[in-house]
Amino acid sequence: MYNISDVIIAKPSAATVMETELFEKKVVWTKYIDKLDAGNLEYALRNPLCRYVGEDWDKIVELLDQLIALNPREPVQGFTRSFDESEKIVKEIDKLVNG
């Protein structure tokens, strides 16, 4: 679903935050449910491709317009993340298994 979507509207669970970041998707985050989601939201909103609607659905059109206006081909300034963690994990497992 992420690949075919221009903008995602979702609850800020840890998995969803990571997946939308990985796919460099524009996101409107809805109301969080618990303290864990609050931390996820705080992290996610550092990304300029994210907005927060919470329960104020009167803002949804404005937020969607903001996100749609962003050019996804332009690099996001001040927000980068390396997703090489899996390579590091595999290398460490290999060391443990093969010595």
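Each remark here, short or long, concerns the structure printed above.
Residues numbered from 1 in each chain as written. Predicted model: local features only at pLDDT ≥ 70, side-chain atom pairs only at ≥ 80, totals over all residues. Heavy atoms only, no water.

A. Quick look at the nonpolar core. Membership of the largest hydrophobic core is limited to 9 residues, which are Y2, I8, A10, V17, V27, W29, L41, A44 and C50. Every element with two or more residues in this core is listed here: β1 (7-10), β2 (26-30) and α2 (35-44). Setting aside anything within four residues of it in sequence, one finds Y2 in contact with I8, T16, E19, T20, F23 and K25. Counting 5 residues, the second largest nonpolar core, distinct from the first, contains V28, V53, I60 and L67. (Core = buried A, V, L, I, M, F, W, Y, C linked by side-chain atoms within 4.5 Å. Buried < 20%, exposed > 50% of the residue type's maximum accessible area, 1.4 Å probe, protein only. Helix = DSSP H or I, 4+ residues; strand = E, 2+ residues; numbered from the N terminus. Contact = heavy atoms within 4.5 Å.)

B. Fine view of the pairing of β2. By the criterion of burial, β2 is predominantly enclosed, with 5 of the 5 residues buried. Residues of β2 alternate between two faces, with K26, V28 and T30 on one and V27 and W29 on the opposite face, all of them buried. Of the pairings in the sheet, the one linking β1 to β2 comprises 4 bridges and is parallel in character. Counterpart to I9 in the pairing with β2 is V28. Tracing the backbone out of β1, into helix α1 (residues 14-22) and back to the parallel element β2 gives a crossover that is right-handed. Each parallel crossover has a hand, and the one from β2 via α2 to strand β3 (residues 50-54) is right-handed. (Pairing = 2+ DSSP bridges. Right-handed = clockwise from strand over helix to strand, strands pointing away.)

C. Structural view of unusual backbone geometry. Positioned with a positive phi, E24 is a non-glycine residue whose angle comes to about 50°. Here E24 shows up in the loop between α1 and β2.

D. Just helix α3 (residues 60-69), in detail. Among the residues of α3, those classed as buried are I60, L63 and L67. The buried residues of α3 all sit within an arc of 70° when viewed along its axis, so they share a single face. Looking at α3, the residues exposed on the side facing more than 90 degrees away from the buried face are V61, I68 and A69. Among the structural elements, β1, β2 and β3 are those in contact with the buried residues of α3. (Arc of directions from axis to C-beta.)

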